[in-house]
Amino acid sequence: MAGFATKRLGKELSKINSNSLPPGIELVSADNFEEWFLDIRVLDNNPLYLNQIYRLKFRFSAQYPIEPPEVTFVKLADRPIPIHPHIYSNGIICLDLLGQQGWSPVQNVESVCMSLQSMLTGNSKNERPAGDEEFVRANRLRPKDIDFYYDDNNV
């Protein structure tokens, strides 16, 4: 991994370990600078996500933070994939912040987690994206290689 990415991730990890993360966000593992796992919870009383904890996987390229991390939800026995109109049942997230157009190097792991918390908090639709089953069955691309069309910023 490139020196700049390693340096930046080292600073982020140090900040996380010393200042802790905002409520509802917990670092599960960061054994290297390529892949981290975090848990998030929705803090309000949104009935869609009440008492649920979700696992996020961050994958970092050597170009981080110039390029966004690849962020997906991971399904475990006690960690479901949240139901949301911008989250596919395989954990892929359609969010402009995670694409080249919406990403900014000032963003970081903490801000991405907070954005996802906010996205879940504001949701009232108990549904997957249109075409979820076909997308999950046919997709062979990594999330960063998918050309999403961001047409609904109200969810």
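See above for the structure.
Residues numbered from 1 in each chain as written. Predicted model: local features only at pLDDT ≥ 70, side-chain atom pairs only at ≥ 80, totals over all residues. Heavy atoms only, no water.

Draft legend 1. Up close: the overall build of the protein. Scanning the protein from terminus to terminus reveals three helices and four strands. Along its sequence from the N terminus, the protein presents helices and strands in the succession α-β-β-β-β-α-α. Buried positions account for 45% of the 155 residues belonging to the protein. Partitioning the contacts of the protein with sequence separation of at least 6, the portion at a separation of at least 24 is 62%. If you sum the accessible surface of the protein, you get close to 8600 Å²; carbon and sulfur atoms cover 47% of it. (Helix = DSSP H or I, 4+ residues; strand = E, 2+ residues; numbered from the N terminus. Buried < 20%, exposed > 50% of the residue type's maximum accessible area, 1.4 Å probe, protein only. Contact = heavy atoms within 4.5 Å. Areas by Shrake-Rupley, 256 points an atom, 1.4 Å probe, with all protein chains shown as cover.)

Draft legend 2. Expanded view of the packing of aromatic side chains. As enumerated under the stated definition, the model contains seven aromatic pairs in all. Aromatic pair Tyr-54 and Phe-73: ring centres 6.2 Å apart, planes at 85°, arrangement edge-to-face. Of this pair, Tyr-54 sits in strand β3 (residues 54–59) while Phe-73 sits in strand β4 (residues 70–74); the two residues are 19 residues apart in sequence, bridging distant segments of the chain. Here the two residues Tyr-54 and Phe-73 agree in accessibility, since each one is buried. Ring centres of Tyr-64 and Trp-103 lie 6.2 Å apart, and the angle between their planes is 45°; this geometry places the pair in the tilted category. Placement of the pair is Tyr-64 in the loop between β3 and β4 and Trp-103 in the loop between β4 and α2 (109–121), with a sequence separation of 39 residues. Across the pair, exposure class does not vary: Tyr-64 and Trp-103 are buried alike. Through a chain of ring-to-ring contacts, the aromatic side chains of Trp-36, Phe-58, Phe-60, Tyr-64 and Trp-103 assemble into a single cluster. (Phe/Tyr/Trp six-rings, centres within 6.5 Å; stacked < 30°, edge-to-face > 60°.)

Draft legend 3. Looking closely at the nonpolar core. With 32 residues, the main nonpolar core has Trp-36, Ile-40, Leu-56, Phe-58, Phe-73, Ile-93 and Leu-116 as its most contacted residues. Elements supplying a minimum of two residues to this core: α1 (3–19), β2 (35–40), β3, β4 and α2. When residues in this core are grouped by element, the largest group, six residues, is from α2. Those residues in contact with Ile-40 that lie beyond four places of it in its chain are Gly-24, Ile-25, Gln-52, Ile-53, Tyr-54, Leu-56, Phe-73, Cys-113, Leu-116, Gln-117 and Leu-120. (Core = buried A, V, L, I, M, F, W, Y, C linked by side-chain atoms within 4.5 Å.)

Draft legend 4. Inspection of the sheet that holds β4 at higher detail. An order of β1-β2-β3-β4 is seen for the four strands of this open sheet, with the pairing classed as antiparallel. In this open sheet, the two edge strands, each paired with only one partner strand, are β1 (25–29) and β4. Taken pair by pair, the neighbouring strands of this sheet meet at an average axis angle of 30°, ignoring direction. Both β1 and β2 contribute to a ladder of four bridges, which runs antiparallel. In the sheet register, Ser-29 faces β2, and the bridge partner there is Phe-37. Contacting β1 and β2, α1 runs over the sheet at an angle of about 35° to β2. (Pairing = 2+ DSSP bridges. Axes fitted to C-alpha atoms, helices over the stretch in contact; angles between N-to-C directions.)

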